[in-house]
Each structure stands twice: as structure tokens, then as C-alpha cells.
Amino acid sequence: MEQQKLMQQFEDKIEKDINIEPKDWMPDDYRKHLIRQISQHAHSEVIGMQPEGNWISRAPSLRAKKILLAKIQDEGGHGLYLYSAAETLGISRDELIQQLHDGKAKYSSIFNYPTLTWADIGAIGWLVDGAAIVNQVSLQRTSYGPYSRAMTRICKEESFHQRQGYEIMANMM
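Residues numbered from 1 in each chain as written. Predicted model: local features only at pLDDT ≥ 70, side-chain atom pairs only at ≥ 80, totals over all residues. Heavy atoms only, no water.

Engineer: Please provide a residue-by-residue account of the side chain of Glu 75, values included.
Structural biologist: When you line up the elements, Glu 75 lands in helix α4 (residues 62-87). Nearest to the buried, unbridged Glu 75 among oppositely charged side chains is Lys 71, at 4.7 Å. Apart from residues lying up to four places away in sequence, Glu 75 is in contact with Glu 45, Met 49, Asp 129, Glu 158 and His 161. (Helix = DSSP H or I, 4+ residues; strand = E, 2+ residues; numbered from the N terminus. Buried < 20%, exposed > 50% of the residue type's maximum accessible area, 1.4 Å probe, protein only. Lys, Arg positive; Asp, Glu negative; His and termini not counted. Salt bridge = Lys/Arg side-chain N within 4 Å of Asp/Glu carboxyl O. Contact = heavy atoms within 4.5 Å.)

Given below as C-alpha cells:
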């Protein structure tokens, strides 16, 4: 009976667009799904730094290096926001990273493609980050408060990354 009452309160909050917060009761499946989703997102942000990190010393100008460094720093911060959101669900960052190393957690495979030219860096910023914005804007309205708030900040920063990529492509044209 108590479990049904808790489930009804949970569903009422969802129905009324009231965020679920870390100390609120939530179904185990909801918690597990959030951990999986947020960890994949966090891993993707951190792994996503690597293709661009290889270009820091090869960027065509000091200005381009500074912008690229800022973007890489932002992506690392996005991973940290997301790992922190996942930790509020009762899993440690060490566990999340171990799951990635063990192959039990995933990340976006787009980051496995090589960045052989400066144009690849532009395409990542303009197209990959642009596509990420399309997917991530809806996550600002997700039902889990810490994830929703992290996404609000991440989406604002991703729009700068998309403009950076567009600028690279426009200058090359």
C-alpha cells in the first residue's frame, strides 16, 4: 500500500511538470534509466574532448588555439556537471568510469572517427555540436532536476561551440 502511494505521488509530480529531486522517492527503474542515460552523456562529453585535443598544437592561429582550448575545457566541465548529476542518484564517479572501462557503459561512437584535417574540427563544431543541441534542448525539460539544470547550462555553451565550428568552415570556404 505504501509503495502504491509513493508511486502515485511520483507520477503526480511528473504529470504536473514538477522536477524529481535527489531526496525524492523514485522507482528503481527510473533511477537505473537515469544513471545509464546520464553516464552515457557524461562519458560522451569527456571522450568528445579527445579528437579536438589532438589539434591544440596544430590549430592554424593563436586565436584558433585559444577558442579550441576553451571548447575542450567546456566539454570537460559538461562531463563533470553530468557525473555530479549521476552521483546524486547514489552511484560514484569511480563506479561510472569503471563501467565505461569494463564495457558496461557506452559513449557516442561519433568520437571514434579520426580528425585528420582542420576541416574535421570545423565539422565537429558546426554539425556534431549542432546535432547535439537539437537532441539536448529537450533534456532541459527532463523530469530529473539535477539533469535538467545541467542541461540548461550545457545547451548555452554548446551554441558557442556550434558557432565556432561554423566560423572554421566559413573561413575555410
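Engineer: Account for the packing of aromatic side chains, with residues named and values stated.
Structural biologist: Taken as a whole, this structure holds four aromatic pairs when the rule is applied. Consider the rings of Phe 10 and Trp 25, whose centres lie 6.2 Å apart with planes at 85°: the pair is edge-to-face. A residue pair is termed long-range when its members are at least 10 positions apart, and Phe 10 in helix α1 (residues 2-15) and Trp 25 in the loop between α1 and α2 (28-47) qualify at 15 residues. Assessed through its relative accessible area of 9%, Phe 10 is described here as buried. Classification of Trp 25 as partly exposed rests on a relative accessible area of 28%. On the numbers, 4.9 Å between centres and 75° between planes, the contact of Phe 10 with Tyr 30 is edge-to-face. (Phe/Tyr/Trp six-rings, centres within 6.5 Å; stacked < 30°, edge-to-face > 60°.)

Engineer: Before we move on, can you summarise the packing of helix α6 (residues 118-137) against helix α7 (residues 145-172) with the specific residues and values?
Structural biologist: Here α6 crosses α7 at 150°, and the two axes come no closer than 7 Å. Judged by the sense of rotation from one axis to the other, the crossing of α6 with α7 is left-handed. From α6, Trp 118, Ala 119, Ile 121, Gly 122, Ala 123, Gly 125, Trp 126, Asp 129, Gly 130, Ile 133, Gln 136 and Val 137 reach across to α7, where they touch Met 151, Ile 154, Cys 155, Glu 158, Ser 159, His 161, Gln 162, Gly 165, Tyr 166, Ile 168, Met 169 and Met 172. Residue classes in the contact of α6 with α7 are distributed as 14 nonpolar, eight polar and two charged. (Axes fitted to C-alpha atoms, helices over the stretch in contact; angles between N-to-C directions. Left-handed = near helix turned anticlockwise from the far one by under 90°. Nonpolar A, V, L, I, M, F, W, Y, C, P; charged D, E, K, R; others polar.)

Engineer: Give a description of the pattern of salt bridges that names residues and reports values.
Structural biologist: According to the stated counting rule, one finds seven salt bridges in the structure shown. Lys 71 serves as the salt-bridge partner of Asp 129, at 2.7 Å between the closest nitrogen and oxygen. Taken together, the positions of Asp 129 in helix α6 and Lys 71 in helix α4 put the pair 58 residues apart, joining distant regions of the chain. Like Asp 129, the residue Lys 71 is buried in the burial classification. Residue Glu 157 pairs with Arg 153 through a salt bridge whose shortest N-O separation is 3.7 Å. Taken together, the positions of Glu 157 and Arg 153, both in helix α7 and four residues apart, correspond to about one turn of that helix. For Glu 157, a relative accessible area of 15% gives the class buried. By relative accessible area, Arg 153 is classed as partly exposed at 47%. Shared partners join several salt bridges into a network, and the residues in it are Glu 52, Lys 71 and Asp 129.

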